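# Breakdown of the fold
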Amino acid sequence: MITIKEELTPEEIEELKNSIHEKIEIIKENAADEETFKKWERFSTILKDKDSKFSDNPKKASRYVKFDKGLSFYQRFLQAFERDVDIDPGRLMGLTDGIFGMVMTLLVFGIALPEMFITNYSDFITFITTLAPTIGVTIVSFILISSFWVYHHEFIKVNNLNIPYLWLNILFLICISFIPFTTSLIGNYSHFFLSEALFGLNIFLTIVSFMLVYHYAYKRNFLDPMPSKDETRRVSHTFYLIMGLTIIVNLLDFHVSGNFIYLFLLVPIISTFRDIGYRMTS
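The structure displayed is predicted, hence computed values, not measured ones. (Residues numbered from 1 in each chain as written. Predicted model: local features only at pLDDT ≥ 70, side-chain atom pairs only at ≥ 80, totals over all residues. Heavy atoms only, no water.)

Turning next to the overall build of the protein. Along the backbone of the protein there are 11 helices and 0 strands. Counting from the amino terminus, helix and strand elements in the protein follow one another as α-α-α-α-α-α-α-α-α-α-α. Taking all 282 residues of the protein together, the buried fraction comes to 34%. Contacts in the protein between residues at least 24 apart in sequence constitute 76% of all its contacts with a sequence separation of at least 6. Accessible surface, the protein: about 17,500 Å² in total, of which carbon and sulfur atoms supply 66%. (Helix = DSSP H or I, 4+ residues; strand = E, 2+ residues; numbered from the N terminus. Buried < 20%, exposed > 50% of the residue type's maximum accessible area, 1.4 Å probe, protein only. Contact = heavy atoms within 4.5 Å. Areas by Shrake-Rupley, 256 points an atom, 1.4 Å probe, with all protein chains shown as cover.)

Now the structure itself:
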């Protein structure tokens, strides 16, 4: 005889939902034709919409979000901490866009004018020549920040939030906000290895924080549309490549030549070609 529980815990409900969505993704990946794929895609969308409406109705959802008294204090605390919050995801996207715009603007302000007024043309040419490395590093940083903005909008489209996800996203924005500072360090003190190391560490932590945001959102089913496992694997591998490139550039830029920092310009090229390759084979 099979005993059926009258009431499921939030973890059991979440596990069942994840299992259903994973099976739907497998069916979609193995669809025999495009029409079958579209039918399952519509079904997946309907399930997500129903789930969203259900969670927005306190009367219907109350019996599912209440705490199980049999759980430990830590488990109940974790449930409360990871419970979805009533914040419009659009506001988080607006904050993210605002910080990206501000950081990109600050990069240009890091290019300092001469302390003394230049009165002749030869001194001006000398000043521009000495400024060229700083301008080059600024362009590299601008391209990197632009790439992270593209990644955030391409891969992180969320339909729900909770407190851990909000703070993970803020951690990512903190790493982005330090890029103008570490860029200025390279522009002014490139002869010190520590300045190179701090810039490389800044980019490395930005990549790590982005991956934390992406994988946490994937784990909690916050992403809309929900990516397949193959797509998630492709995103992870792309960022592993960028992390490896960051380490290589950081070592070669100081010990061999300062021009190796321009290898960071490969970042958007790597991600673009991997994206095209994935779309051609999927």
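A word on helix α7 (residues 163–177). In this model α7 runs 21 Å from its N-terminal to its C-terminal C-alpha over 15 residues, within 8% of the 21 Å that 1.5 Å per residue would give. Buried within α7 are the following residues: P164, Y165, L166, L168, N169, F172, L173, C175 and I176. (Expected span 1.5 Å × (residues − 1).)

For any pair of aromatic rings, the description consists of the separation of the ring centres together with the inter-plane angle of the planes. Under the criterion given, the structure shown has 12 aromatic pairs. Ring geometry for F148 versus F172: centroids 6.3 Å apart, planes at 70 degrees, classification edge-to-face. Linking F148 in helix α6 (residues 121–155) with F172 in helix α7, this pair joins segments that are 24 residues apart in sequence. A ring pair is formed by Y151 and F155, whose centres lie 6.2 Å apart and whose planes are at 20 degrees; its orientation type is stacked. Of this pair, Y151 and F155 both sit in helix α6, 4 residues apart, roughly one helical turn. Cluster of aromatic residues (ring-pair linked, three or more members): F100, F148, Y151, F155, F172, F210, Y214 and F239. (Phe/Tyr/Trp six-rings, centres within 6.5 Å; stacked < 30°, edge-to-face > 60°.)

Let us look at the packing of helix α5 (residues 89–109) against α7. Think of two packed helices as two axes; the pair is described by the angle between the axes and how far apart they sit. Following both chains from N to C, one finds α5 and α7 inclined at 10 degrees, their axes separated by 10 Å at the closest point. Relative to α7, the element α5 lies roughly parallel. Mapping the contact onto sequence places L92, L95, T96, I99, F100 and V103 in α5 and Y165, L166, N169, F172, L173, I176 and S177 in α7. Considering only residue class, the contact of α5 with α7 consists of 10 nonpolar, 3 polar and no charged. (Axes fitted to C-alpha atoms, helices over the stretch in contact; angles between N-to-C directions. Parallel < 35°, antiparallel > 145°, perpendicular 65-115°, else oblique. Nonpolar A, V, L, I, M, F, W, Y, C, P; charged D, E, K, R; others polar.)

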